[in-house]
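# What the coordinates show
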Amino acid sequence: QVQLVESGGGLVQPGGSLRLSCAASGFTLDYYAVGWFRQAPGKEREAISCIDSSDGSIDYSDSVKGRFTISKDNAKNTVYLQMDGLKTEDTAVYYCGGKGSFCSPRPGRYSYWGQGTQVTVSS
């Protein structure tokens with residue numbers, strides 16, 4: 001059974017950091033790509049970045065470039081999103097999605113999703 005579970009969200013002050021985790025089961029990161037997305041209330045789901053089975057990564061969001069970094073640990077079957085220099089506009093529910101083959105910025109291309117983890121940036 002395929003499952004993705006996000007964790008690591010919470011309340012943080014502007015300028016702070018969080019490290020989100022996406023633990024995958026039912027498939028291995030040796031053969032699948034995982035993307036990070038976020039969705040704020042009333043807004044569309046936005047692609048942040050993605051890492052593929054060959055450890056190639058791509059950043060999709062100009063608003064987080066230089067602040068967010070995607071990585072993975074194949075042994076733990078876990079993908080991470082390191083978030084530094086957080087801003088209030090980063091407040092959203094953060095999701096990880098899984099798909100075969102290559103990365104994509106389009107949410108509809110992902111077959112599996114976690115339940116999301118809330119990130120709130122507030123002073």
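The structure under discussion appears in the preceding block.
Residues numbered from 1 in each chain as written. Predicted model: local features only at pLDDT ≥ 70, side-chain atom pairs only at ≥ 80, totals over all residues. Heavy atoms only, no water.

### Focus: the state of the cysteines
Overall, the coordinates contain two disulfides when judged by the stated rule. Residue pairing for Cys22: its cysteine sulfur links by disulfide to Cys96, the two sulfurs lying 2.1 Å apart. On the sign convention where negative means left-handed, the S-S torsion of about 75° between Cys22 and Cys96 marks this disulfide as right-handed. Taken as a pair, Cys22 in strand S3 (residues 18-25) and Cys96 in strand S9 (residues 92-100) lie far apart in primary sequence, 74 residues in all. Each member of the pair, Cys22 as well as Cys96, is classed as buried. (Disulfide = S-S within 2.5 Å. Helix = DSSP H or I, 4+ residues; strand = E, 2+ residues; numbered from the N terminus. Buried < 20%, exposed > 50% of the residue type's maximum accessible area, 1.4 Å probe, protein only.)

### What to know about the sheet that holds S3
Sheet architecture is open: four strands sit in the order S1-S3-S8-S7, paired in antiparallel fashion. Single-partner strands in this sheet number two, and they are strand S1 (3-7) and strand S7 (68-73). Adjacent strand axes in the sheet meet at a mean angle of 15° when their direction is disregarded. Strand direction decides the pairing type here: S1 and S3, joined by five bridges, are antiparallel. By the bridge assignment, Gln3 is partnered in S3 with Ser25. (Pairing = 2+ DSSP bridges. Axes fitted to C-alpha atoms, helices over the stretch in contact; angles between N-to-C directions.)

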